[in-house]
Amino acid sequence: MRFLKLIIVLLFISVPLAASADKAKTIDDLAKMYDSSRCKDCHAEIYGQWEKSHHARPLMGVKGGLMLTPLAKKGETAFSPEDPKKATLKNFPCFKCHLPQAITSAEDSVAVELAEALIAGDKAKVGRLQITCIVCHSDKAIVHKRELGEPEKGVLYGAKNMDSHPDKIFTKVKKSAIMHDSIACGQCHGLGPNFEFDQAFQCANLYGSYLHNYISSGGTKSCQDCHMQKGDHLFALDWNDDKGASALLGKAISLEVETLGYEWLKKAKTYIPKVVVSTTITTTAGHRVPDG
Ligand code: HEC
Ligand code: HEC
Ligand code: HEC
Ligand code: HEC
Ligand code: HEC
C-alpha cells in the first residue's frame with residue numbers, strides 16, 4: 001500500500017515537470033511567443049520588407065495554396081496522421097525549416113490545431129505562423145552551440161554588440177558569429193535529402209548547390225551579398241508576384257541559342273533537312289535555380 005502511495009505521489013510530482021510549462025499549447029500561444037509586430041515601431045523599413053517576404057508566410061504556399069494540407073489528411077502522405085485529432089509535431093517534418101520554433105517551443109496540441117486548420121482551409125490561422133524576426137535573430141543565430149551555448153533569453157543577435165536595446169523583451173544585442181555568412185541561411189535552405197527522418201525526403205537543396213557548385217568553382221559572394229544588399233529583408237524572389245519574379249529571373253538567367261540548318265545528302269537526290277541547335281543557359285545566381 002505504502003509502495004502504491006509512493007508511486008502515486010511520484011506520478012503527481014513528475015507529471016507537471018514533464019509537461020513543460022513554457023511550451024506553446026495553441027497556435028495563438030506560439031504566434032505570441034515569437035510575435036515581432038512591436039519591432040515595426042522602430043525598424044519600420046525592415047519590417048515592411050519582411051512582411052512582404054516568403055519568410056512571413058512559410059506555411060501558406062504560393063498564392064495562399066496551404067501546401068501542408070496533404071500532411072493533415074489520412075493516407076495522402078507517409079507522414080499524415082490517422083486522424084487530425086491525433087496529429088503530433090512528428091507529422092510535420094517540414095517544421096525543421098518552415099517553422100523551426102514549433103520543434104523547440106510547441107506541444108503536440110499545436111500540430112492538432114494546425115492539422116484541423118489546414119483541413120478547414122483556415123488561412124487566417126495558418127498565416128499566424130511565421131519565420132519572424134526572433135527566429136533568425138535569436139533561435140537561428142548560433143550554430144556552434146557546444147562552444148557558444150544556446151541563444152540567451154532577452155538577447156537578440158546582430159552585427160554588433162549593444163548593451164542596451166530599447167525593446168521591452170530583448171534588452172540586449174550581441175554580435176552573432178554567423179549573421180553575415182551563408183551558413184545562417186544554409187540552416188534552412190537545404191543541403192540535400194533530409195536523412196535524419198525515418199522516411200527521408202527532400203525539399204530545398206540550394207545551400208548544397210551553393211557550396212558544391214558555386215563556392216567550389218571559385219564563387220566568393222555570400223547569400224547576404226546578393227540577397228540582402230543594404231540590409232534588405234524582402235529576400236526576393238516573391239513567387240506570388242508573377243511579373244516581378246519573371247523580371248528578376250529574366251535578368252538573372254540568359255539563354256543563348258545558335259542554330260545551323262543544313263540538308264544531308266543521304267543518297268543521290270535524297271536531301272534530308274537537319275538542324276543543329278546549340279543552347280547555352282547561364283545564370284548569375286550562386287546556386288541552382290529553380291530550387292525547392
Ligand atoms: C531543409 C529544409 C526544408 C524542409 C525540411 C522542408 N522545406 Fe519546403 N522549402 C524550404 C525552403 C528554404 C523553401 C524555399 C526556397 C526554395 O524553394 O529554394 C521551401 C519551399 C517549399 C515549397 C514551395 C514554396 C511554397 O510555399 O509553395 C513547398 C510547397 C514546400 N517547401 C513544402 C514542404 C513540405 C510539404 C515539407 C515537409 C514534408 C517541406 N517543404 C520541408 C525548406 C525546407
Ligand atoms: C523602441 C525601439 C526599438 C524596438 C521596439 C526594437 N528595436 Fe531593434 N534597435 C533599435 C535601435 C535604436 C537600434 C540601434 C540601431 C543602430 O545603431 O543602427 C536597434 C538595433 C537592433 C539590431 C542590431 C542591428 C545591428 O546593426 O546589428 C537588431 C538585430 C534589432 N534591433 C532587432 C530588433 C527586433 C527583432 C525587434 C523586435 C523584437 C526590435 N529590434 C525592436 C530600436 C528598437
Ligand atoms: C530569414 C532570417 C531573417 C529574418 C526573418 C529577419 N532578419 Fe534581420 N537580418 C538577418 C541577417 C542575415 C542580417 C545580416 C545581413 C547582412 O549581413 O548584411 C540581418 C540584419 C538585420 C539588422 C541590421 C541592419 C543592417 O542593415 O544590417 C536589423 C536591424 C535587423 N536585421 C532587424 C530585423 C527585424 C526587425 C526583422 C523582422 C521584421 C528581421 N530582422 C527579420 C536575417 C533575418
Ligand atoms: C528559419 C529558416 C530559414 C532561414 C534561416 C532562412 N530562410 Fe529563406 N526561406 C525559408 C523558407 C521556409 C522559405 C519558403 C517559404 C514558403 O513556403 O514560401 C524561404 C524563402 C526564401 C526566399 C524566397 C524565394 C522562394 O523560393 O521562396 C529567399 C530568396 C530566401 N528565403 C533567402 C534566404 C536568405 C538569403 C537567408 C539568409 C540570410 C534565408 N533565406 C534564411 C526558410 C529560411
Ligand atoms: C552571386 C549572387 C547570389 C548568391 C551568392 C546567392 N544567390 Fe540566391 N539568387 C540569386 C539570383 C540572381 C536569383 C534569381 C532571381 C533573383 O534575382 O532573385 C536567386 C534566387 C534565389 C532563390 C529562389 C530560388 C527558387 O527557385 O525558388 C532563393 C531561395 C535563393 N536565391 C536563396 C539563396 C541562398 C540561401 C543563398 C546562399 C546559400 C543564395 N541564394 C546565394 C543570386 C544569388
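Residues numbered from 1 in each chain as written. Chains lettered and ligands numbered in written order. Predicted model: local features only at pLDDT ≥ 70, side-chain atom pairs only at ≥ 80, totals over all residues.

Draft legend 1. Here's a closer look at the overall build of the chain. Broken down by element type, the chain carries 14 helices and four strands. Whereas a compact globule of 292 residues would reach a radius of gyration of roughly 19 Å, the chain reaches 25 Å, over 25% beyond that. In terms of overall dimensions, the chain has C-alpha extents of about 105 × 50 × 35 Å along its principal axes. In the chain, which comprises 292 residues, the share counted as buried stands at 21%. When contacts within the chain are restricted to residue pairs at least 6 apart in sequence, those whose partners lie at least 24 apart make up 52%. (Helix = DSSP H or I, 4+ residues; strand = E, 2+ residues; numbered from the N terminus. Rg over C-alpha atoms; globule rule 2.2 N^0.38 Å. Buried ≥ 20, exposed ≤ 12 C-beta atoms within 10 Å, placed from the backbone. Contact = placed C-beta atoms within 7 Å.)

Draft legend 2. Spatial organisation of the site of ligand 4. Close to ligand 4 lie 23 residues, the nearest being His54, Cys185, Cys188, Cys223 and His227. When residues of the shell around ligand 4 are traced back to their parent elements, those giving at least two are helix 5 (95-98), helix 9 (133-139), helix 11 (182-189) and helix 13 (223-227). By residue number, the principal contributor to the shell around ligand 4 is helix 11, which donates five residues. Here the shell around ligand 4 is composed, by residue class, of 14 nonpolar, eight polar and one charged. (Near = placed C-beta within 6 Å. Nonpolar A, V, L, I, M, F, W, Y, C, P; charged D, E, K, R; others polar.)

Draft legend 3. Examining the domain arrangement of the chain more closely. Domain assignment breaks the chain into domain 1 (20-240) and domain 2 (248-283). Taking only C-alpha atoms into account, the centre of domain 1 sits 44 Å from that of domain 2. (Domains from an automatic or database assignment.)

Draft legend 4. Inspection of the packing of helix 11 against helix 12 (residues 206-214) at higher detail. Where helix 11 meets helix 12, the closest approach of the two axes is 7 Å, and the angle between their N-to-C directions is 135°. In terms of axis orientation, helix 11 runs oblique to helix 12. Between helix 11, through Ser182, Cys185, Gly186 and His189, and helix 12, the contact on the second element is made entirely by Leu206, Tyr207 and Tyr210. Within the contact of helix 11 with helix 12, the residues separate by chemical class into four nonpolar, three polar and no charged. (Axes fitted to C-alpha atoms, helices over the stretch in contact; angles between N-to-C directions. Parallel < 35°, antiparallel > 145°, perpendicular 65-115°, else oblique.)

Draft legend 5. How the structure looks around the site of ligand 2. Close to ligand 2 lie 18 residues; Cys39, Cys42, Cys133, Gly158 and Ala159 are nearest. When contributions to the shell around ligand 2 are tallied by element, the ones reaching two or more residues are helix 9 and strand 1 (155-158). Looking at which element gives the most residues to the shell around ligand 2, the answer is helix 9, with three residues. Residues of the shell around ligand 2, tallied by class, amount to nine nonpolar, five polar and four charged.

Draft legend 6. Looking closely at the confidence of the model for the chain. Looking at the chain as a whole, the pLDDT averages 92, with 93% of positions reaching at least 70. Here residues 8-19 is modelled with pLDDT under 50, and outside its nearest four sequence neighbours on either side it reaches zero contacts, counting other chains as well. (pLDDT = per-residue confidence, 0-100.)

Draft legend 7. Looking closely at the environment of asparagine 213. Note on placement: asparagine 213 falls in helix 12. Placed 112 residues apart in sequence, asparagine 213 and glutamine 101 show a C-alpha to C-alpha distance of 31 Å.

Draft legend 8. Examining the nonpolar core more closely. Counting 32 residues, the largest nonpolar core has Leu30, Val110, Ala111, Leu114, Ala115, Leu118 and Val126 as its most contacted members. No other element matches helix 7 (residues 108-120), which puts seven residues into this core. Those residues in contact with leucine 118 that lie beyond four places of it in its chain are Leu66, Leu68, Thr69, Ala72 and Val126. Within the second largest apolar cluster, seven residues are counted, among which are Cys185, Cys188, Tyr207 and Tyr210. (Core = buried A, V, L, I, M, F, W, Y, C linked by C-beta atoms within 7 Å.)

Draft legend 9. Geometry of the pairing of strand 3 (residues 253-267). In terms of burial, strand 3 is largely open, as just zero of its 15 residues are buried. By the bridge criterion, 14 bridges tie strand 3 to strand 4 (residues 270-283) in an arrangement that is antiparallel. Bridge pairing in strand 4 links tryptophan 264 to isoleucine 272. (Pairing = 2+ DSSP bridges.)

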